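What follows is the residue order along each chain.
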Protein chains: 2
Amino acid sequence: MAEISTAKLDEFFKPRGIAIVGASAKAGSPNHQIVINAKGMSPDSKVYPVNPKMDEIAELRCYKNLLSIPEPVDLIVMAVGPQNSMSVAKEIKQRREEKGDAGAVAVVTSGFKEMGTKEGEQLQIDLIDTIKSCGGRILGPNCQGVVDLFNGINTTFTVPPNTPKGGVSIISQSGAFATSFIRWAKDQKLVGINKFVSMGNMADVDFRDLLNYLAKDEKTNVISMYLEGINDARGMFEIAAEVTRTKPVVAIKAGKTAMGTNVAQSHTASIAGNNDIYEGAFRQAGIIRAQNVAEFYHTSRVFDKMPLPKGNRICILTVIGGPSTICVDELVSTGDIQLAHFKDELKQELAKHLSASAAIGNPDGYIDMTAAVTPVMHENVLKLLLEDDNIDGIIFMTTPPGFIGDQEMADAVIAAYNSVSPEKRKPLLSVLMAGNAVAKCRTLMESAGLPTFEYPDDAARVMINLVKYSAYRRRFD
Amino acid sequence: MAEISTAKLDEFFKPRGIAIVGASAKAGSPNHQIVINAKGMSPDSKVYPVNPKMDEIAELRCYKNLLSIPEPVDLIVMAVGPQNSMSVAKEIKQRREEKGDAGAVAVVTSGFKEMGTKEGEQLQIDLIDTIKSCGGRILGPNCQGVVDLFNGINTTFTVPPNTPKGGVSIISQSGAFATSFIRWAKDQKLVGINKFVSMGNMADVDFRDLLNYLAKDEKTNVISMYLEGINDARGMFEIAAEVTRTKPVVAIKAGKTAMGTNVAQSHTASIAGNNDIYEGAFRQAGIIRAQNVAEFYHTSRVFDKMPLPKGNRICILTVIGGPSTICVDELVSTGDIQLAHFKDELKQELAKHLSASAAIGNPDGYIDMTAAVTPVMHENVLKLLLEDDNIDGIIFMTTPPGFIGDQEMADAVIAAYNSVSPEKRKPLLSVLMAGNAVAKCRTLMESAGLPTFEYPDDAARVMINLVKYSAYRRRFD
């Protein structure tokens, strides 16, 4: 019998093998898709479907039970019905005692505490007890497991292959919330993902574990969390307060209302807690709390793509006056940001590149280029603003006019940004209003690392978050 | 000399001819694009470029001046520099006195009151005086003019041809704001547009005129307004209060903050006014005020696409628990909506179509189908909810799983909706999380008239607006 110690989180992210118990041969079912995705994310990874009735699934050899897999398997995906969960738990325990592996268990199965029944709650207790009794660690139950794009791990039925890699790691009590984000981002390269951990009912591994783990993960630049309830809120916020001194943590918290709390309870058996208390705790811990889904998406990705601003002096460069009025309304609404002051020399330089109808510094910090614009004009003006030490960040607002092509527009902005030396860079957020009509421009800019937005209010919210977090961080410098 | 009376708004929307003064032959310039767009929207419309230096622009005969156009021209687009605006105004006056047409003038030229200079203000006064002295009506200055998709009129350099027709008419003090909306909507058929009127500095024709005009326009189902300031706020709100008894009016008001007000003033010389007073006035007049751009877009289009709900009992059908928690939080946040009560018979029927893991009515009014779903399941469950008289509206939440194709998913939802007899229909809002990854599903549903959303909070806000406006309307039934 092998010597057994408690499994480490590394066994979820760097397993020597992955067993999928409850794998299905039926195309179109979640339990088949899990096998496809696990195999697809990394053809070299050792994926072992387990199903007593099959010899092969998705062209992989299928095993009758966990014990019959000869290779080491650190990560077990439990995807059977709840009625079979205890027998699988016992197999896991047996394998761990006999071979010393099988320490990381992702319980995809649902039908536990979230059912709101005594039976469901007891079954969850029994399951966790059995696996923990041999030093196993459990994700879930009622979760989607883990994704690690750098290590080629994917136990979900939802995260597509070829998801762009990057610095955002997501910890989520909703698998669907996180995977919607990942899928949203994929086509236009809006987000680069490192890890995704689906927490489900969070009966063992919780936010504290993951915050500690991801804080030390060099390839994670931003930690993004979707929360419903928290096991040990005080402990979690203490850890988060440490993490946010060096890495941004973005959170969205569901269950703000009594009715939302009821839904959360039916979803992951979470007690959502008092919203006002959470609001204060997030702020104190330096966590950036997004108020809606779009703010969560955009804040997470921009913290990965852009540098922090050095101060709160933001300027607006626009060809669209109306949407820019809305942007400014939002930008100044919290009192954290002021419009930058344009020195006379800057205004004189700007005037050289702009048409007579342009409004430069009316009001201060604001430039309306008006409609008579060219790509060269965009590039030159952006360069001046990017180089100016009295400006800490820029929001560029346009609905690219029909007479400037998507490629030309993107090239101009990218050239301006790349002309600035890396250590002098500041956040540049570009609002390209017109939705998919400017999809090509958007994709070009995003691929070059420049974040774009459909709505002015979203860009303003993200700029506020950048400025606030930057001020928070400077307290520890 | 022809007899002259004051021009009517019909002359903007149904002109016998359109003259474009300041037309340019230079591809890539706004003043060339205006000619292209005017011609492109309706090849049969009579479009007359005016430019003393050219014989032809965009394959249309070009005239030396306004007076030399032999055919009747009711609509004059003034697109010259501000320094030439007065000489064009005098030509307009002369033509009107000699021929009796040229009564509708869209002044695209900028450089007037919005400059914040005495000269600009005086030039605007002189311009308006000259044109009004012969009974002309003026749009702008500093505007983009008019679009009428049913009458084939387009004086803008931004609205593309083949914009989908529909029941939304937009009145906007920002041309860019409205045309961004139109372009956003075009690809995925998100919005059907009837008219767009760009108000600019609003020195003559204003919101009162347009509200009265569009209230009587049979093809306008929804009036959507972007406002910065209002000339006669009391008069405008009195008219709006009449209009909203029979047609929804959706508004977004920029200049909420002192800084936003400064921008509005530089943009259209508007005095934005006190935000709290506006908030009350909008509510009293029955105008639906959107708090951000996305809410404005979605509310406008959904009022055109969906029937009003008969009450405030809304249910949620989901396969994505986390995002649905966020949706419910937003949905109940204003107190206008309650989750529908499911009768036992309905729950029993629903259970027949769902898997054992589904949560039906936990909490009441909420169904989580969980991941084991099929298209048939969607169709059957939606039919039951659409037929149930105790439910006034439905929000359907999904990130369409990889094992259900976009076409299958869209077909199931569309079939369910179309199975209900038109007089029994209720609003169905579908949140398809995953952005462009489900673009095909989105476009199929939108083309069938079923509104889709990327974010749960947006769908919730729109449902609140539907329920609130429906309650307001019932006061007058």
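So, how was this worked out
- Throughout, residues of each chain are indexed from 1 in the direction in which the sequence is written.
- Ligands are numbered from 1 and chains lettered from A, in the order in which they are written.
- A pLDDT threshold of at least 70 governs which residues receive local features in this predicted model, and a stricter bar of 80 or more applies before side-chain atom pairs are shown or counted, although totals over entire chains, interfaces and linings include all residues.
- With hydrogens and water excluded, all non-hydrogen atoms of the structure serve as input to the side-chain values.
- Numbered from the N terminus, helices here are DSSP runs of H or I no shorter than four residues, and strands are runs of E no shorter than two.
- Restricting the calculation to C-alpha atoms gives the radius of gyration, and the globule rule supplies 2.2 Å times the number of residues raised to the power 0.38.
- Here's how the labels work: a residue is buried when its accessible area is under 20% of the maximum for its type, exposed when over 50%, partly exposed in between, all with a 1.4 Å probe on protein chains only.
- Accessible areas in this description were obtained via Shrake-Rupley with a 1.4 Å probe; residue shielding takes into account the shown protein chains only.
- Each residue gets a pLDDT score, which is the predictor's confidence in that residue and runs from 0 to 100.
- Source of the domain bounds: an automatic or database domain assignment.
- When checking whether two residues touch, look at their non-hydrogen atoms; a contact exists if any pair is within 4.5 Å.
- Buried area: the sum, over both parts, of the accessible surface (1.4 Å probe) that disappears when the two are put together.
- The term salt bridge refers to a side-chain nitrogen of Lys or Arg lying within 4 Å of a carboxyl oxygen of Asp or Glu.
- We place the copies in one frame by least squares, fitting the C-alpha atoms of every residue whose pLDDT is at least 70 in both.
- Here a strand pair is declared whenever DSSP counts at least two bridges between the two strands.
- Whenever two N or O atoms come within 3.5 Å, that pair is a polar contact, provided that in protein one can donate a hydrogen and the other can accept it, and provided that, for residues adjacent in sequence, both atoms are side-chain atoms.
- Side-chain classes follow a simple rule in which Ala, Val, Leu, Ile, Met, Phe, Trp, Tyr, Cys and Pro form the nonpolar group, Asp, Glu, Lys and Arg form the charged group, and the remainder, Gly included, forms the polar group.
- In this analysis, axes come from line fits to C-alpha atoms, helices being fitted only over the stretch in contact, and the angle between any two N-to-C directions falls in the range 0 to 180 degrees.
- Angle categories are assigned with fixed cut-offs, so that under 35 degrees is roughly parallel, over 145 is roughly antiparallel, 65 to 115 is roughly perpendicular, and the rest are oblique.
- Put simply, a disulfide is two cysteine sulfurs that come within 2.5 Å.
- With its strands directed away from the observer, a crossover is right-handed exactly when the path from the first strand over the helix to the second travels clockwise.
- Space inside and on the surface of the protein is sampled on a 1 Å grid over the protein atoms alone, with a cavity defined as a set of points where a 1.4 Å probe fits but cannot get out and a pocket as an open set with protein on both sides within 12 Å along at least 5 of 7 lines; lining residues have an atom within 4 Å of a point.
- Grid points are joined across faces, edges and corners, and a volume is the space filled by probe spheres set on the points.
- Note that the arc is defined by the directions from the helix axis to the C-beta atoms.
- Side-chain rings of Phe, Tyr and Trp (the six-membered ring for Trp) are treated as a pair once their centres are within 6.5 Å; stacked means planes under 30 degrees apart, edge-to-face means over 60, and tilted covers the remaining angles.
- Should the near helix be turned anticlockwise from the far one by less than a right angle, the crossing is termed left-handed; should it be turned clockwise, right-handed.

**Structural notes on the overall build of chain A**
At step 1: Assigned secondary structure in chain A consists of 16 helices and 21 strands.
At step 2: Rg of the C-alpha trace for chain A: 25 Å, near the compact-globule value of 23 Å for 477 residues, within the 12% margin.
At step 3: The buried share among the 477 residues of chain A stands at 62%.
At step 4: Per element, the accessible surface of chain A, about 16700 Å² overall, is 48% carbon and sulfur.

**Thoughts on unusual backbone geometry**
At step 1: The peptide bond linking Gly140(A) to Pro141(A) adopts the cis configuration, its omega dihedral lying at 0 degrees.
At step 2: Counting through the fold element by element, Pro141(A) comes out in the loop between strand 7 (137–139) and strand 8 (145–148).
At step 3: Residue Pro363(A) is bonded to the preceding Asn362(A) through a cis peptide linkage, with omega at 0 degrees.
At step 4: Position of Pro363(A) among the secondary structure elements: in the loop between strand 17 (359–360) and strand 18 (366–368).
At step 5: Phi angles above zero are rare outside glycine, and Ala434(B) is one such case at about 130 degrees.
At step 6: Topologically, Ala434(B) is positioned in the loop between strand 20 (428–432) and helix 15 (439–447).
At step 7: The buried category is assigned to Ala434(B), whose relative accessible area is 2%.

**Notes on the confidence of the model for chain A**
At step 1: Across chain A, the average pLDDT comes to 93, with 99% of residues at 70 or higher.
At step 2: Here the predicted complex carries an ipTM of 0.90, next to a pTM of 0.93.

**With respect to the domain arrangement of chain A**
Residue and element names in this part refer to chain A.
At step 1: Entries for chain A in the domain assignment read domain 1 (10–144), domain 2 (165–305) and domain 3 (313–474).
At step 2: On the domain 2 side, the residues contacting the 18 residues of domain 1 number 21 residues.
At step 3: Taken together, both faces of the contact between domain 1 and domain 2 bury some 1400 Å²; the carbon and sulfur share is 52%.
At step 4: Scanning the region where domain 1 abuts domain 2 turns up 3 salt bridges.
At step 5: The partner of Arg137 in a salt bridge is Asp204, and the shortest N-O contact between them spans 3.0 Å.

**Thoughts on the relation of the copies chain A and chain B**
At step 1: Each copy superposes on the other: chain A lies on chain B with an RMSD of 0.0 Å after a rotation of 180 degrees and an axial shift of 0.0 Å. On this basis, the relationship between the two copies can be described by a two-fold rotation axis. Of the C-alpha atoms belonging to chain A, the one lying closest to the rotation axis is found on Asn436(A), 4.5 Å away.
At step 2: Most of the interface of chain A is mirrored in chain B, where 100% of its interface residues again form contacts.

**So, the sheet that holds strand 8 of chain A**
Residues and elements named next belong to chain A.
At step 1: Reading across from one edge, 9-8-11-10-12-13-14 is the order of the 7 strands in this open sheet, with mixed pairing throughout. Where the open sheet ends on each side, the last strands, each with one partner, are strand 9 (153–154) and strand 14 (288–289).
At step 2: The pairing of strand 13 (residues 249–253) with strand 14 spans 2 bridges and is parallel. In the sheet register, Ala251 faces strand 14, and the bridge partner there is Arg289.

**So, the interface of chain A and chain B**
At step 1: Contact with chain A, which involves 63 residues of that partner, is made by 63 residues of chain B.
At step 2: The contact between chain A and chain B buries some 5300 Å² in all, and 64% of this surface belongs to carbon and sulfur atoms.
At step 3: Inspection of the region where chain A meets chain B yields 17 residue pairs in polar contact (both at pLDDT 80 or more).
At step 4: For the side of chain A that touches chain B, the elements supplying multiple residues, two or more each, are helix 2 (30–41), helix 5 (175–186), helix 8 (258–268), helix 10 (293–305), helix 11 (321–331), strand 18 and helix 16 (456–474) of chain A.
At step 5: Of the residues that constitute the side of chain A that touches chain B, the class distribution is 33 nonpolar, 21 polar and 9 charged.

**Structural notes on the pattern of salt bridges**
At step 1: The full count for this structure, using the stated rule, is 44 salt bridges over all chains.
At step 2: Put simply, Arg95(A) and Asp101(A) hold a salt bridge, and the shortest N to O gap is 2.9 Å. Both residues of the pair, Arg95(A) and Asp101(A), belong to the buried class.
At step 3: Taking the shortest distance from any N to any O, the salt bridge between Glu349(B) and Lys352(B) comes out at 2.7 Å. Taken together, the residues span about one helical turn, with Glu349(B) and Lys352(B) both in helix 12 (residues 344–353) at a distance of 3 residues.

**What to know about the packing of helix 3 (residues 85–99) of chain B against helix 4 (residues 118–132) of chain B**
Residue and element names in this part refer to chain B.
At step 1: Relative to each other, helix 3 and helix 4 sit at 10 degrees, their axes nearing to 9 Å. Judged by the angle between their axes, helix 3 and helix 4 are roughly parallel. Listed contacts from helix 4 to Ser85, Met86, Ala89, Lys90, Ile92 and Lys93 of helix 3 are Leu123, Asp126, Leu127, Thr130 and Ile131.
At step 2: Residue composition of the contact of helix 3 with helix 4, by class: 6 nonpolar, 2 polar and 3 charged.

**Here we look at the state of the cysteines**
At step 1: Scanning the entire structure with this criterion turns up 0 disulfides over all chains.
At step 2: Unpaired in this structure, Cys143(A) has its nearest cysteine sulfur neighbour in Cys134(A), at a distance of 17 Å.

**With respect to the pairing of strand 20 (residues 428–432) of chain A**
Residue and element names in this part refer to chain A.
At step 1: With 5 of 5 residues buried, strand 20 is to be regarded as a mostly interior element.
At step 2: Of the strand pairs in this sheet, strand 19 (residues 393–398) and strand 20 are connected by 5 bridges, and their pairing is parallel. Across the sheet, Met397 pairs through a bridge with Val431, a residue of strand 20.
At step 3: With 2 bridges joining them, strand 20 and strand 21 (residues 452–453) adopt parallel strand pairing. Its bridge partner lying in strand 21, Ser430 is registered against Thr452.
At step 4: In this fold, strand 20 hands off to helix 15 (residues 439–447), which returns the chain to strand 21; that crossover is right-handed.

**A closer look at the sheet that holds strand 2 (residues 47–50) of chain A**
The strands that make up a sheet are held in pairs by hydrogen bonds between backbone atoms, and each pair lies either parallel or antiparallel.
Residue and element names in this part refer to chain A.
At step 1: Within the open sheet, the 5 strands sit side by side as 2-1-5-6-7. Their pairing is parallel. On the outer flanks of this sheet lie strand 2 and strand 7, each paired with one strand and no other. Between one strand axis and the next, the sheet turns through 20 degrees on average, direction left out of account.
At step 2: Relative to strand 2, strand 1 (residues 18–21) runs parallel, the two sharing 4 bridges. For Ala19, the partnering residue across the bridge sits in strand 2 and is Tyr48.
At step 3: Together, strand 1, strand 5 (75–78) and strand 6 (104–107) form the strand contacts of helix 3 (residues 85–99), whose direction differs from that of strand 5 by roughly 170 degrees.

**Regarding empty space enclosed by the protein**
At step 1: For the structure on display, the rule yields 3 cavities of 30 Å³ or more.
At step 2: Taken as a whole, the largest cavity spans an internal volume of roughly 410 Å³.
At step 3: If you go around the largest cavity, you meet 27 residues; those closest to its centre are Trp184(A), Asn436(A), Glu454(A), Trp184(B) and Glu454(B).
At step 4: If you list the elements that add at least two residues to the lining of the largest cavity, you get helix 10, helix 15 and strand 21 of chain A together with helix 10 (293–305) and strand 21 (452–453) of chain B.

**Examining helix 15 of chain A**
Residues and elements named next belong to chain A.
At step 1: Within helix 15 the residues assigned to the buried category are Cys441, Arg442, Met445 and Glu446. Along helix 15, the residues classed as buried sweep out an arc of 125 degrees about the axis, all on the same side.
At step 2: Positive phi appears at Gly449, one or two residues downstream of helix 15, with a value of about 90 degrees.

**Some words on the side chain of Gln33(A)**
At step 1: Mapped onto the fold, Gln33(A) is located in helix 2.
At step 2: Leaving out residues up to four positions away in the same chain, Gln33(A) has contacts with Thr156(A), Phe157(A) and Phe403(B).

**As for the packing of aromatic side chains**
At step 1: Per the counting criterion, the structure on display carries 32 aromatic pairs over all chains.
At step 2: Arranged with centres 5.5 Å apart and planes meeting at 80 degrees, the rings of Phe303(A) and Tyr469(A) form a pair that is edge-to-face. Here Phe303(A) is found in helix 10, whereas its partner Tyr469(A) is found in helix 16, with 166 residues between them in sequence. For the residue pair Phe303(A) and Tyr469(A), the accessibility class agrees, reading buried in each case.
At step 3: Their ring planes at 65 degrees and their centres at 5.9 Å tell us that Phe181(B) and Phe296(B) sit as a pair that is edge-to-face. Taken together, the residues span a long stretch of sequence, with Phe181(B) in helix 5 (residues 175–186) and Phe296(B) in helix 10 at a distance of 115 residues.
At step 4: By relative accessible area, Phe296(B) is classed as buried at 0%.

**Details of the packing of helix 13 (residues 375–387) of chain A against helix 14 (residues 406–418) of chain A**
How two helices sit against one another is set out by the angle between their axes and by the gap between those axes.
Residues and elements named next belong to chain A.
At step 1: Remark: helix 13 packs on helix 14, axes separated minimally by 8 Å, with the N-to-C direction vectors making an angle of 25 degrees. Here helix 14 runs roughly parallel to helix 13, going by the angle between their axes. At the point where helix 13 passes helix 14, the crossing takes the right-handed sense. Only Glu408, Met409, Ala412, Val413, Ala415, Ala416 and Tyr417 of helix 14 make contact with helix 13, whose side of the interface consists of Pro375, His378, Glu379, Leu382, Lys383 and Leu386.
At step 2: Per-class residue counts for the contact of helix 13 with helix 14 are 9 nonpolar, 1 polar and 3 charged.

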